[in-house]
Amino acid sequence: MTEKAVNSNAEGSPSGLGADLLQALERSEFFLVYQPTIDLRTNGFAGVEALLRWRHVRRGVVNPDEFIDELEASGQILPVGRWTLDTACLQGTAWHDRGYRFPVSVNVAASQLDSAQFVSDVEEALRMSRFDRALLLLEFSQSTIVDDRSSAQPKIKELRELGVRIAVDDFVPGTSSLDDLVELGVSTLKLDRGFVGSISNSPDAPSLIHELVQQSKERHVQIIASGIEDAQQRSQLQLEDVGVGQGYLFSEPHEAEAIDLLLEDFAIFSGKPL
Ligand code: G
Ligand code: MN
């Protein structure tokens, strides 16, 4: 029997973490880590993506792929998503107040966008934190935006009107028309980690990226390549003029205090405030 199955029997939920998960928010066990994005031309600091983590009392730090389905199933994704948004905006303002101005992106689940209060939650997070709305980037999966367009589109429009930006996460070139995404209000595409991982050995990838970058320039859409793990991937993406990158080659996600140190390094390295 697998460890998962043992836990499932012992604690009565697929991951074995369900009961603990219900209390995690009030016990302040969630925290955010931030993964830098890097300007591929200048090597400068371009922003961060906020990523949720759970410090479980016995298991240690747990990644969202182990508990996100359960958060969705129990409806807790809404309060936890709200907490994530609030915390990321507050942290963004703390950086900005110290002179570091850069975008912060936050992942949003389909059920959050579906919920009646999502747009007002975003408004409230911005008001409460004083975070610059133009620097908040909300990341949605392609299916959240495209498959459920009749319900998603009006909300995306409201979010755009608030002044925040919208990204499609895990985007694989060639799977959606760029015009369609732009029409829906998308300003940024985050290239899928798996796709980026395949660029060195996939014959189609360079031409797919090339075409996407050319189209995105005409439409003022930003491309961020995620999951860059080696220098070869980086140079191929740079060759195709992808503007921004993210991945272990540059930095793993870190807690805010570690990002502070990184920011100081970047500022010293570039000789100017960011
Ligand atoms: O789907 P999204 O890009 O939001 O997923 C982010 C997750 O990917 C984080 O949990 C982060 O730890 C992980 N991640 C970030 N950079 C890399 C990378 O370069 N390689 C791999 N394999 N995973 C990464
Ligand atoms: Mn993401």
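Definitions and limits used
- Every chain's residues receive numbers from 1 upward, in the order its sequence appears when written.
- The order in which chains are written sets their letters, starting at A; the order in which ligands are written sets their numbers, starting at 1.
- Local features in a predicted model are, by the rule used here, given only for residues with pLDDT of at least 70; side-chain atom pairs are given and counted only at 80 or more, and totals for whole chains, interfaces and linings are based on all residues.
- Think of the side-chain values as coming from all heavy atoms in the structure, minus any hydrogens and water.
- For helices, the fitted axis covers only the stretch in contact; all axes are lines through C-alpha atoms, and the angles between them, taken along N-to-C directions, range from 0 to 180 degrees.
- Strands here mean DSSP runs of E at least two residues long; helices mean DSSP runs of H or I at least four residues long; both are numbered from the N terminus.
- If an angle is under 35 degrees, it is roughly parallel; if it is over 145, roughly antiparallel; if it lies from 65 to 115, roughly perpendicular; otherwise it is oblique.
- Should the near helix be turned anticlockwise from the far one by less than a right angle, the crossing is left-handed, and should it be turned clockwise, the crossing is right-handed.
- For this analysis, residues touch if any pair of their heavy atoms sits within 4.5 Å.
- Throughout this entry, Asp, Glu, Lys and Arg are counted as charged residues, while Ala, Val, Leu, Ile, Met, Phe, Trp, Tyr, Cys and Pro are counted as nonpolar. The remaining residues, Gly among them, count as polar.
- For Na, K and Ca the donor cut-off is 3.2 Å, and for all other metals it is 2.8 Å, counting N, O and S atoms only; because water is absent from this set, sites may look incomplete.
- In this scheme, a residue with accessible area under 20% of its type's maximum is buried, one over 50% is exposed, and one in between is partly exposed, where area comes from a 1.4 Å probe on protein chains only.
- Here the nonpolar core consists of buried residues drawn from Ala, Val, Leu, Ile, Met, Phe, Trp, Tyr and Cys, with membership extended through side-chain atoms lying within 4.5 Å.
- Throughout, near means a residue has at least one heavy atom within 4 Å of the molecule or strand.
- Polar contacts, as used here, are pairs of N or O atoms within 3.5 Å; protein pairs need one atom able to donate a hydrogen and one able to accept it. Residues neighboring in sequence count only if both atoms are side-chain atoms.
- Surface accessibility in these figures is a Shrake-Rupley result with a 1.4 Å probe; residues are shielded only by whichever protein chains are displayed.
- DSSP calls a pair of strands paired once it identifies at least 2 bridges connecting them.
- Salt bridges are defined by distance alone: a side-chain nitrogen of Lys or Arg within 4 Å of a carboxyl oxygen of Asp or Glu.

Caption draft 1: Here's a closer look at the packing of helix α4 (residues 77-97) against helix α6 (residues 118-129). Look at α4 against α6: their axes get within 9 Å of each other, and the N-to-C directions meet at 30 degrees. Put simply, α4 runs roughly parallel to α6. When you trace α4 past α6, the crossing you get is right-handed. In this structure, α4 contributes Arg82, Leu85, Asp86, Cys89, Leu90 and Thr93 to the contact, and α6 contributes Phe118, Asp121, Val122, Glu124, Ala125, Leu126, Met128 and Ser129. Of the residues contributing to the contact of α4 with α6, the split by class is eight nonpolar, two polar and four charged.

Caption draft 2: Focus on the coordination of the manganese ion (ligand 2). Taken together, Glu49 (OE), Asn107 (OD1), Glu139 (OE) and Asp169 (OD) make up the protein donors of the manganese ion (ligand 2), found 2.0 to 2.3 Å from the metal. All donors to the manganese ion (ligand 2) come from one chain, and their sequence spacing reads E-x57-N-x31-E-x29-D. Residue Asn107 is found in strand β4 (residues 104-107), and its partner Asp169 is found in strand β6 (residues 165-171); the two are separated by 62 residues along the sequence. A relative accessible area of 28% places Asn107 in the partly exposed class.

Caption draft 3: A look at the nonpolar core. Val122, Leu136, Leu138, Phe140, Leu159, Leu189 and Leu237 are the most contacted members of the largest nonpolar core, which has 73 residues in total. Of the residues forming this core, the biggest block, six residues, is contributed by α4.

Caption draft 4: How the structure looks around unusual backbone geometry. Phi is positive for Asn43, which is not a glycine, with a value near 65 degrees. With respect to the helices and strands, the residue Asn43 is situated in the loop between β1 (30-39) and β2 (45-56). On the basis of relative accessible area, Asn43 is assigned to the partly exposed category, the value being 36%. Its identity is not glycine, yet Arg130 carries a phi of approximately 60 degrees, on the positive side. Given a relative accessible area of 59%, Arg130 falls into the exposed group.

Caption draft 5: Focus on the site of ligand 1. Close to ligand 1 lie 14 residues, the nearest being Gln35, Glu49, Arg193, Glu229 and Tyr248. Between ligand 1 and the protein, one listed contact pairs an oxygen atom with a side-chain N or O atom of Arg193 at 3.1 Å. In the model, an oxygen atom of ligand 1 is placed 2.8 Å from a nitrogen or oxygen of the Tyr248 main chain. Out of a free accessible area of 530 Å², ligand 1 has 81% covered by protein chains. Secondary structure elements with two or more residues in the shell around ligand 1: β2 and β6. The biggest single contributor to the shell around ligand 1 is β2, with three residues. Across the shell around ligand 1, the residue classes break down as four nonpolar, four polar and six charged.

Caption draft 6: Local environment of the pairing of strand β5 (residues 136-141). Taken across its six residues, β5 has five buried, putting it largely inside the fold. When β4 meets β5, the two strands line up parallel, connected through four bridges. Across the sheet, the residue bridging to Asn107 is Glu139, located in β5. Summarising the sheet, β5 and β6 pair through five bridges and their orientation is parallel. When the bridges of β6 are listed, Leu138 appears paired with Ile166.

Caption draft 7: Expanded view of the environment of Gln238. Here Gln238 is to be found in helix α12 (residues 231-239). Note on Gln238: relative accessible area 31%, which makes it partly exposed. Taking the C-alpha atoms as reference points, Gln238 and Arg41, separated by 197 residues in sequence, lie 7.3 Å from one another. In contact with Gln238, not counting residues within four places along its chain, are Leu40 and Arg41. In terms of polar contacts, Gln238 uses its side chain to reach the backbone carbonyl oxygen of Leu40, at 3.0 Å.

Caption draft 8: Structural detail: the pattern of salt bridges. For the structure on display, the rule yields 17 salt bridges. We note a salt bridge from Asp179 to Arg219, for which the minimum N-O separation is 2.4 Å. Placement of the pair is Asp179 in helix α9 (residues 178-184) and Arg219 in the loop between α11 (205-218) and β8 (222-225), with a sequence separation of 40 residues. Residue classification places Asp179 among the partly exposed residues on the basis of a relative accessible area of 45%. Salt bridges sharing common partners tie together Arg41, Lys217 and Asp241.

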